[in-house]
Amino acid sequence: MNNHKPTNKLYRFWKLLGPGLVTGASDDDPSGIATYSQAGAAYGLSTLWTALIGWPLMDAIQKMCARIGLVTSQGLAGALRNNYPRPVLYFMILFSFPAIVMNIGADIAGMGAVGNLLFPTIDATFFSVLFTVVLLGLIIYLPYQKIASTLKYLCIVMLVYFIVPFLYHQDFALILKATFIPSIKFDKDFMGIIVGILGTTISPYLFFWQASVEVEEMNKNKRHLVVNKKIIHEMTEDVDFGMSFSGFVMYFIILTTGTVLYNGGIHQIDTVEQAAMALKPLAGNLAYLLFAIGIISTGLIAIPVLSGSLSYMIAETFGWEQGLDKKFHEAKAFYTVMGVSLILGLSLNYIGISPIKALIYAAILYGLTAPVTIAIILHISNNKKIMRKYTNGRKSNILGFAALIIMTVAASTLLYLQFTTD
């Protein structure tokens, strides 16, 4: 009997993982992969420290959002609608909506570009339309949890980034220094990458998603009547695991591209083919295939999360029926918003920005708008009227305010450099 205990523990832990793991997987979406790859290619190992700083900050914010969902049985927009003046809710939507739509469009364009990479005779636009149609069909006809539970296995391909750096002779003293000692250059390109890394790591769409799916998870498990320390603890483990996975992938993408592309003289990534070359030392001619699987898999997980977060936001604002566990006829307005957001995102493919640049711009836009949302989350999390005995502890507040200050300073510095330098 004792021989089965580790296996049973592992199985129970795997079953415990839910919204946090999916959130972590979707955090490393095509926009994130492109941004981390550009950071490594352009600056070598100089941005490795962002993974060390970014992980605890995103972990803390996601846990606040999850706790808001568990305690209030509402998403962020619902908590705002019921406890704050309406202009605060509209202000948050105004800041979040453009970035989310642009992220959807950029991810669709990225998926289209890797489709074209595998089949060069077929235009990337065809693949973008194809993926949009497939996603619409999957979202409407299949429960999202079923889609995500299948696709998250495909994301294991991202683990190849953990191997590639060790195929090279590495200066581990240099890696440790780059990891623990921040290196900052006050020019707009470098600050643009820093804001992009922070924005794609600590993404507002994930805040809305985390709170709302925690509510769905509770309703599915019929636990919404009793919020206790056990449930909070299970949520904490789930989010910790998901965000740790996301943080490690981020770190090793920067390390891989900072080793392979930077040392290979590729400092500017303009195409998905250049980004895929980081995997060549391990995969050879299969590098493009592995990279494509990674981009398409993360895109198929992340785009429903992106459009879903937007739908939760709008549905909670106007009191519509909502939920990815509901069929289309049960929540028509909710699914219509998801469909419209995908079509709006697809339309951005026709404005002439390269897919790689669009992915990075989406991350930078998040970095510029995230401080507003973080400030609102901190206020809700410390509001005893809303959160009762589950308000933020000291550690959560220290990390939350650190995220707010760091992202505000980075965004302000970028804007200053943007308007004061040629």
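Structural notes, computed from the coordinates.

## Observations regarding unusual backbone geometry
Among all residues save glycine, negative phi is the norm, and among peptide bonds the norm is trans.
Turning to step 1, where the next piece is worked out: Phi is positive for serine 73, close to 55 degrees, though the residue is something other than glycine.
Turning to step 2, where the next piece is worked out: With respect to the helices and strands, the residue serine 73 is situated in the loop between α4 (49–72) and α5 (76–83).
Turning to step 3, where the next piece is worked out: Among the residues examined, serine 73 registers a relative accessible area of 34% and is labelled partly exposed.
Turning to step 4, where the next piece is worked out: Unlike most non-glycine residues, arginine 388 shows phi in positive territory, near 50 degrees.

## Here we look at the packing of helix α6 (residues 86–118) against helix α15 (residues 287–318)
Turning to step 1, where the next piece is worked out: At a minimum axis separation of 9 Å, α6 and α15 run at an interaxial angle of 160 degrees. What the angle tells us is that α6 and α15 run roughly antiparallel. The chirality of how α6 crosses α15 is left-handed.
Turning to step 2, where the next piece is worked out: Per-class residue counts for the contact of α6 with α15 are 25 nonpolar, 7 polar and 2 charged.

## Some words on the side chain of glutamate 316
Turning to step 1, where the next piece is worked out: Tracing the sequence through the fold places glutamate 316 in helix α15.
Turning to step 2, where the next piece is worked out: No salt bridge is formed by the buried glutamate 316, whose closest oppositely charged neighbour, arginine 81, lies at an N-O distance of 8.0 Å.
Turning to step 3, where the next piece is worked out: Contacts of glutamate 316, omitting those with residues within four sequence positions, involve Gln74, Gly75, Leu76, Ala77, Gly78, Arg81, Ser212 and Gln322.

## Topic: the nonpolar core
Turning to step 1, where the next piece is worked out: Of all hydrophobic cores here, the largest spans 136 residues; its most connected members are Leu76, Tyr161, Phe291 and Ile374.
Turning to step 2, where the next piece is worked out: Looking at this core, the element that brings in the most residues is α15, giving 16 residues.

## Looking at the pattern of salt bridges
Opposite charge on two side chains permits them to pair, given that their charged atoms come into close proximity.
Turning to step 1, where the next piece is worked out: Using the criterion set out here, one finds 4 salt bridges in the structure.
Turning to step 2, where the next piece is worked out: In this structure, aspartate 59 and lysine 63 form a salt bridge, with 2.9 Å as the shortest nitrogen-oxygen distance. Of this pair, aspartate 59 and lysine 63 both sit in helix α4, 4 residues apart, which is roughly one turn of the helix. Considered together, aspartate 59 and lysine 63 belong to a single accessibility category, that of buried residues.
Turning to step 3, where the next piece is worked out: Lysine 326 is the salt-bridge partner of glutamate 321, the closest N and O atoms lying 3.4 Å from each other.
Turning to step 4, where the next piece is worked out: On the accessibility criterion, glutamate 321 (46% relative accessible area) is partly exposed.

## What about empty space enclosed by the protein?
It is a probe the size of a water molecule, rolled over the atoms, that shows where empty space is left.
Turning to step 1, where the next piece is worked out: For the structure shown, the criterion picks out 1 cavity of 30 Å³ or more.
Turning to step 2, where the next piece is worked out: If you add up the space inside the largest cavity, you get close to 50 Å³.
Turning to step 3, where the next piece is worked out: Considering the residues around the largest cavity, the lining is formed by Ile33, Val157, Met158, Val160, Tyr161, Leu279, Leu290, Phe291, Gly294 and Ile295.
Turning to step 4, where the next piece is worked out: Considering every element that reaches the lining of the largest cavity, the biggest residue donor is α15, with 4 residues.
Turning to step 5, where the next piece is worked out: Residues of the lining of the largest cavity, tallied by class, amount to 9 nonpolar, 1 polar and no charged.

## Here we look at the packing of aromatic side chains
Turning to step 1, where the next piece is worked out: Summed over all chains, the structure comprises 14 aromatic pairs.
Turning to step 2, where the next piece is worked out: On the numbers, 6.3 Å between centres and 65 degrees between planes, the contact of tryptophan 209 with tyrosine 312 is edge-to-face. Note that tryptophan 209 is positioned in helix α11 (residues 204–220) and tyrosine 312 in helix α15, a separation of 103 residues in sequence.
Turning to step 3, where the next piece is worked out: By relative accessible area, which is 1% here, tyrosine 312 ends up buried.
Turning to step 4, where the next piece is worked out: Ring plane angle 45 degrees and centroid distance 6.1 Å describe the contact between phenylalanine 328 and tyrosine 335, whose orientation is recorded as tilted.
Turning to step 5, where the next piece is worked out: The exposure class of phenylalanine 328 is partly exposed, given its relative accessible area of 33%.

## Some details on the packing of α5 against α6
A pair of packed helices is characterised by two quantities: the angle between their axes and the separation of those axes.
Turning to step 1, where the next piece is worked out: The geometry of α5 relative to α6 is characterised by a closest axis approach of 7 Å and an angle of 155 degrees between their N-to-C directions. With respect to each other, α5 and α6 are oriented roughly antiparallel. Residues Leu76, Ala77, Leu80 and Arg81 of α5 touch α6, and the partners they reach there are Arg86, Val88, Leu89 and Met92.
Turning to step 2, where the next piece is worked out: Class assignment of the residues belonging to the contact of α5 with α6 gives a composition of 6 nonpolar, no polar and 2 charged.

The rules we used
- Residues numbered from 1 in each chain as written.
- Predicted model: local features only at pLDDT ≥ 70, side-chain atom pairs only at ≥ 80, totals over all residues.
- Heavy atoms only, no water.
- Helix = DSSP H or I, 4+ residues; strand = E, 2+ residues; numbered from the N terminus.
- Buried < 20%, exposed > 50% of the residue type's maximum accessible area, 1.4 Å probe, protein only.
- Axes fitted to C-alpha atoms, helices over the stretch in contact; angles between N-to-C directions.
- Parallel < 35°, antiparallel > 145°, perpendicular 65-115°, else oblique.
- Left-handed = near helix turned anticlockwise from the far one by under 90°.
- Nonpolar A, V, L, I, M, F, W, Y, C, P; charged D, E, K, R; others polar.
- Lys, Arg positive; Asp, Glu negative; His and termini not counted.
- Salt bridge = Lys/Arg side-chain N within 4 Å of Asp/Glu carboxyl O.
- Contact = heavy atoms within 4.5 Å.
- Core = buried A, V, L, I, M, F, W, Y, C linked by side-chain atoms within 4.5 Å.
- 1 Å grid on protein atoms, 1.4 Å probe; cavity = no way out; pocket = protein on both sides within 12 Å on 5 of 7 lines; lining within 4 Å.
- Points joined across faces, edges and corners; volume = space filled by probe spheres on them.
- Phe/Tyr/Trp six-rings, centres within 6.5 Å; stacked < 30°, edge-to-face > 60°.

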